[in-house]
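Listed here are the chains, written in short residue letters.
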Amino acid sequence: MPTPTTLFDKVWDAHVIRHIDDGPDVFFIDRHFIHEVTSPVAFLGLEGRNAPVLFSERTFATADHNTPTLNQHLPVADPLSANQLDALARNSARYNISHWGLGHQKNGIVHVVGPENGITLPGMTIVCGDSHTSTHGAFGAIAFGIGTSEVEMVLATQCIMQPKPKKMRISVNGTLGKGVVPKDVALYIISQISASGATGYFVEYAGDVFRTMSMEGRMTVCNMSIEMGARGGMVAPDQTTLAYLKGRDLAPQGDAWDKLVPYWESLKTDDGAAFDVDMTFHAADIEPQITYGTNPGMGTGVTRQIPLSANQADGDASYQKSLTYMGFAENESMLGKPIDFVFLGSCTNGRIEDFRAFASIVKGRQKAVNVTAWLVPGSHIVEAQIKAEGILDVLTEAGFALRQPGCSACLAMNEDKIPAGKYAVSTSNRNFEGRQGPGARTLLASPLVAAAAAVTGVVTDPRELI
Amino acid sequence: MSLLSQAYNSRVSKLITAAADRSSFSTHRSKNMAYDHFTILRSTAVPMPIENVDTDQIIPARFLKATERKGFGDNLFRDWRYTADGSPKADFVLNDPTYTGEGLPRKILVGGKNFGSGSSREHAAWAIYDYGFRCVVSSFFADIFKGNALNIGILPVQVSPEFLARIFAAIDADPNTELEVNLPDQTITLLTTGESESFDINGYKKNNLLNGYDDIDYLLSMKDEIVQFADARPF
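The notes below deal with the structure included here. These numbers come from a predicted model, not from an experiment.

Side note on the packing of helix α6 (residues 182-193) of chain A against helix α8 (residues 215-223) of chain A
Between two packed helices, what matters for the description is the angle formed by their axes and the separation of those axes. All names here are of chain A. Closest axis-to-axis distance for the α6/α8 pair is 8 Å, and the angle between their directions is 20 degrees. Here α6 lies roughly parallel to α8, going by the angle between them. Every pair of crossing elements has a handedness; the one defined by α6 and α8 is right-handed. Residue-level inspection shows Pro182, Lys183 and Ala186 of α6 in contact with α8, the latter providing Gly217, Thr220 and Val221. Looking at the contact of α6 with α8, its residues break down into three nonpolar, two polar and one charged.

Here you go:
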């Protein structure tokens, strides 16, 4: 009998062109996404070498990090941002790379548009100069973020030099309770294993909760893999995966699709395959989550108190520094904390399901007067769907407005910055100091928790509004 | 075929001929010296005993708008280093004359565990390099940062939590404590006490750093093999 193998090994090993003794693998990349921020220096490097792009059809460009979310039809006001967007357009044209720039009907956040257009497929290797490339692992792809030197490497050679990570399996079994959504599962896992608990590993998510989870939900969880230190995370493809992809614009069609199905169905971890670390959590232990600190591991149940520093893995000084930045103290309750901003969007929670969830809470209610809410769809396709499903009407009646697609306040590279000292409940992925603007204070949460805060003006348990 | 691509193809074929032993990295020769060689570094160090130093602290996103790799050192640790109006924060280590005075620049940065977590922005490594550091010491590095550092010629040295605590204590006792980072021997030594620890690095990357080699030259030398591999992919 052949040795039982993991999903990760099956996909990884199929992409190794050469193994270097006492060194990395020469690793082939099926799909490469680029955006305006981490690619310009890579193109300069290419130019310096007089090297062409080896396979331009395997790279896809979209503008997202540095784009305005209002008045996208007007020229971009910030000259530096405009220059970066122009550079992406110019470089894409010069090297014959598909480019979905600002205003293009398929434009949006790279990790939203890749899957929704069927560019991402099971069994692929996918990289991008962005750590949240881990999102694409939801499809049973090995997907991870790379630096700009590696962006140049992939443009020039379609390969990177990558040591094989260790393997971790995280199973969550049972059924999620009312008001507990994929973002809560991700934040809960990170709070249990810390923001560096999976560093050096590639994660496979398994168990009942992921088997019954939608593709949008799997993308949310895989997206957050990097926030536990993992290079990436993946879920074995199944009928949910194939049903999501079938018929998408750039997915294989007809015979080409049919021929791939048996391969895709083989992409699962065999019984008895070994992981370096194998851990299990119980769905019943997970309640709606919220973070109180300055790394994504500093999270807890929304009804809980801020933990005592004595119970923290991080040193006391780092813990206190973090709470001081947030303006919080040990043992305070999270419920009832006043909120200034709510941000719904990002590659973590900027998909249609997230807007449906947000609307389900705000329907028939009104935005709190003290709250500024930024609702930013992940792509124009998501935006169109929000309108088509009548969600926009619900949001408008409740006093909310929709902005245009982009990364927006997740990293606050454009004008969407949370002011210093203000509190934002955010559906994005990072609560680092200054991440959403210099001095901004971020509380990471699900779209449901964000919606509950948006209509009450304070941290609220969404289960009381369902 | 353009002149440009002819020149490129002839260069690639030379590289392929040169790569006689395909499983070894020792035959690899770089045309592009991307960064300084790294052999033995002896320097005083800047201590930053903070855990989970993320790349948004190293270089905030609003400074990522350049299209060239220039001047990132000026904004290294921007929001820890400067107030909103641009004046230096006196309590931050890079503004402390003890660590930024004589013997400039200190080439070793010593950080708490999980250094470089978060975003994949190579700008973080560029900022550290541009400021003048050539080595970062911690008990634990985030994966992407570590790879980026190695790719641009910064040596990430992972030491035990105990040794890291001894380095911090030694610098605390004497800010001019010198460290020696010896890449050929893979050791890091506190020169005041002679305490030493060895560190890991894979042979391929070590060879690259010692010689200033570049991954892309290696990969271009096996272009035919890559093209053949790509042709056989199902998608």
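Now that the structure is up, let's keep going.
Remarks on the side chain of A:Thr59
All names here are of chain A. Mapped onto the elements, Thr59 comes out in strand β4 (residues 59-62). In this structure Thr59 comes out as buried when scored by relative accessible area, which is 0%. A distance of 3.2 Å separates the side chain of Thr59 from the side chain of His32, its partner in a polar contact. In contact with Thr59, other than residues within four places in its own chain, are His32, Ile34, Ile97, Ser98 and Leu155.

Regarding the pattern of salt bridges
The final tally for this structure, using the stated rule, is 32 salt bridges over all chains. Between B:Glu225 and A:Arg18 there is a salt bridge whose closest N-O contact spans 2.9 Å. Taken together, the residues span two chains, with B:Glu225 in helix α10 (residues 223-231) and A:Arg18 in strand β1 (residues 16-19). Here A:Arg169 and A:Asp278 are joined by a salt bridge, their closest N and O atoms 2.8 Å apart. Note that A:Arg169 is positioned in strand β9 (residues 166-173) and A:Asp278 in strand β12 (residues 277-282), a separation of 109 residues in sequence. Residue A:Asp278 is classed as partly exposed on the basis of its relative accessible area, which comes to 44%. Bridged by salt links that share partners, the residues A:Asp9, A:Asp13, A:Lys164 and A:Lys167 form one connected network.

As for the interface of chain A and chain B
Facing the 78 residues of chain A at the interface are 61 residues of chain B. When chain A packs against chain B, the two sides together hide about 5,700 Å² of surface, and 60% of this comes from carbon and sulfur. Taken together, chain A and chain B are joined by six salt bridges. Here A:Asp78 and B:Lys65 are joined by a salt bridge, their closest N and O atoms 2.6 Å apart. Broken down by secondary-structure element, the contributors of at least two residues to the side of chain A that touches chain B are β1, β2 (25-28), α2 (40-49), α3 (79-94), α5 (148-157), β8 (159-162), α10 (254-265) and α11 (316-326) of chain A. The element best represented in the side of chain A that touches chain B is α5(A), accounting for seven residues. Looking at the side of chain A that touches chain B, its residues break down into 37 nonpolar, 23 polar and 18 charged.

Definitions and limits used
Residues numbered from 1 in each chain as written. Chains lettered and ligands numbered in written order. Predicted model: local features only at pLDDT ≥ 70, side-chain atom pairs only at ≥ 80, totals over all residues. Heavy atoms only, no water. Axes fitted to C-alpha atoms, helices over the stretch in contact; angles between N-to-C directions. Helix = DSSP H or I, 4+ residues; strand = E, 2+ residues; numbered from the N terminus. Parallel < 35°, antiparallel > 145°, perpendicular 65-115°, else oblique. Left-handed = near helix turned anticlockwise from the far one by under 90°. Contact = heavy atoms within 4.5 Å. Nonpolar A, V, L, I, M, F, W, Y, C, P; charged D, E, K, R; others polar. Buried < 20%, exposed > 50% of the residue type's maximum accessible area, 1.4 Å probe, protein only. Polar contact = N/O pair within 3.5 Å; in protein donor to acceptor, adjacent residues only side chain to side chain. Salt bridge = Lys/Arg side-chain N within 4 Å of Asp/Glu carboxyl O. Buried area = accessible area lost by both parts, 1.4 Å probe.

Functional significance is not addressed by these values, which are geometric in nature.
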